[in-house]
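Topology and contacts: notes
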Amino acid sequence: ATLQMAPKAITPPRALPQPKLDTLTMAAICNVAARVTAAPKASVRSTKAQSRAFLGRTAPLQARVAAPRAAARGVSVRADAATEDLNKKLKEVTSTVSEKWEETDDKPAVITLGIYGLVGLVAANGVLKSIDGLPLIPDLLELVGIGFSGFYVYQNLLFKPDRAALKESISKSIDKIL
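Residues numbered from 1 in each chain as written. Predicted model: local features only at pLDDT ≥ 70, side-chain atom pairs only at ≥ 80, totals over all residues. Heavy atoms only, no water.

For the rest of this paragraph, the subject is the overall build of the chain. Summing up its helical and strand segments, the chain has seven helices and zero strands in all. For the chain, the succession of helices and strands along the chain, N to C, is α-α-α-α-α-α-α. Within the chain, contacts between residues at least 6 apart in sequence are counted, and of these 44% link residues at least 24 apart. Here the chain displays about 15700 Å² of accessible surface, and carbon together with sulfur accounts for 65% of that area. (Helix = DSSP H or I, 4+ residues; strand = E, 2+ residues; numbered from the N terminus. Contact = heavy atoms within 4.5 Å. Areas by Shrake-Rupley, 256 points an atom, 1.4 Å probe, with all protein chains shown as cover.)

Here the focus is a nonpolar patch on the surface. Residues F148, F151, Y152, V153, Y154, L157, L158 and F159 make up a contiguous nonpolar surface patch of roughly 790 Å² in combined accessible area. Along the chain, the position of L158 falls in the loop between α6 (137–157) and α7 (160–177). (Patch = residues over 30% accessible without salt bridge, like charges linked within 9 Å, V, L, I, M, F, W, Y side chains within 5 Å. Salt bridge = Lys/Arg side-chain N within 4 Å of Asp/Glu carboxyl O.)

Oppositely charged side chains may form a pair once their charged atoms are brought near each other. Across all of its chains, the model carries one salt bridge by this definition. Note that E168 and K172 form a salt bridge whose closest N and O atoms lie 3.3 Å from each other. Here E168 and its partner K172 are both found in helix α7, four residues apart, which amounts to about one turn of the helix.

Running from N to C, α6 and α7 point in directions that differ by 95°, and their axes come no closer than 7 Å. Considering the angle they form, α6 stands roughly perpendicular to α7. Together, Y152, Y154, Q155, N156 and L157 of α6 and D162, R163 and L166 of α7 make up the contact between the two elements. Across the contact of α6 with α7, the residue classes tally to four nonpolar, two polar and two charged. (Axes fitted to C-alpha atoms, helices over the stretch in contact; angles between N-to-C directions. Parallel < 35°, antiparallel > 145°, perpendicular 65-115°, else oblique. Nonpolar A, V, L, I, M, F, W, Y, C, P; charged D, E, K, R; others polar.)

Further remarks concern unusual backbone geometry. In this structure, L136 is a non-glycine residue whose phi angle is positive, near 70°. By secondary structure assignment, the location of L136 is in the loop between α5 (107–132) and α6.

So, on to the confidence of the model for the chain. Confidence along the chain averages 75 in pLDDT terms, with 56% of residues attaining 70 or more. Segment residues 41–72: pLDDT under 50, and 34 contacts once partners within four positions in sequence are set aside and those in other chains are kept. (pLDDT = per-residue confidence, 0-100.)

Structure representation (structure tokens):
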């Protein structure tokens, strides 16, 4: 006698309860949904991680939530003001750098120093990555950094005369450089 098993009935998945969201939360969800759906799909693993990046929900659920136009307009006005400030500062820095470049007599030496600086940054990055892989060393360095930060705050930022002296020192250094 052979045993035959009856096929199990497949039940459809239950729908997730829809939470009540305020305007800013809905705008944030739509922003994340737009980034997830518009991002290039490099691999299956990365798209799964991206789709679950916000509250454990998939991208289609996020894409169905729409933000009111008023909230989007407020965000764009603030972004435009910030962009204008950034563009103004970028033009200022660019003009200063171009003036300094024109005043430089030994341009090959400056280019060589820049290349050496870039190589040094890459080498330092490699050293720090290898140190980060060692046990206990990153935690010890983090404690040293916290201690040094506390000491710096105590020495330079805690009291008003120290803050004034630091501000003056920084402004003198900036004047020397520029």
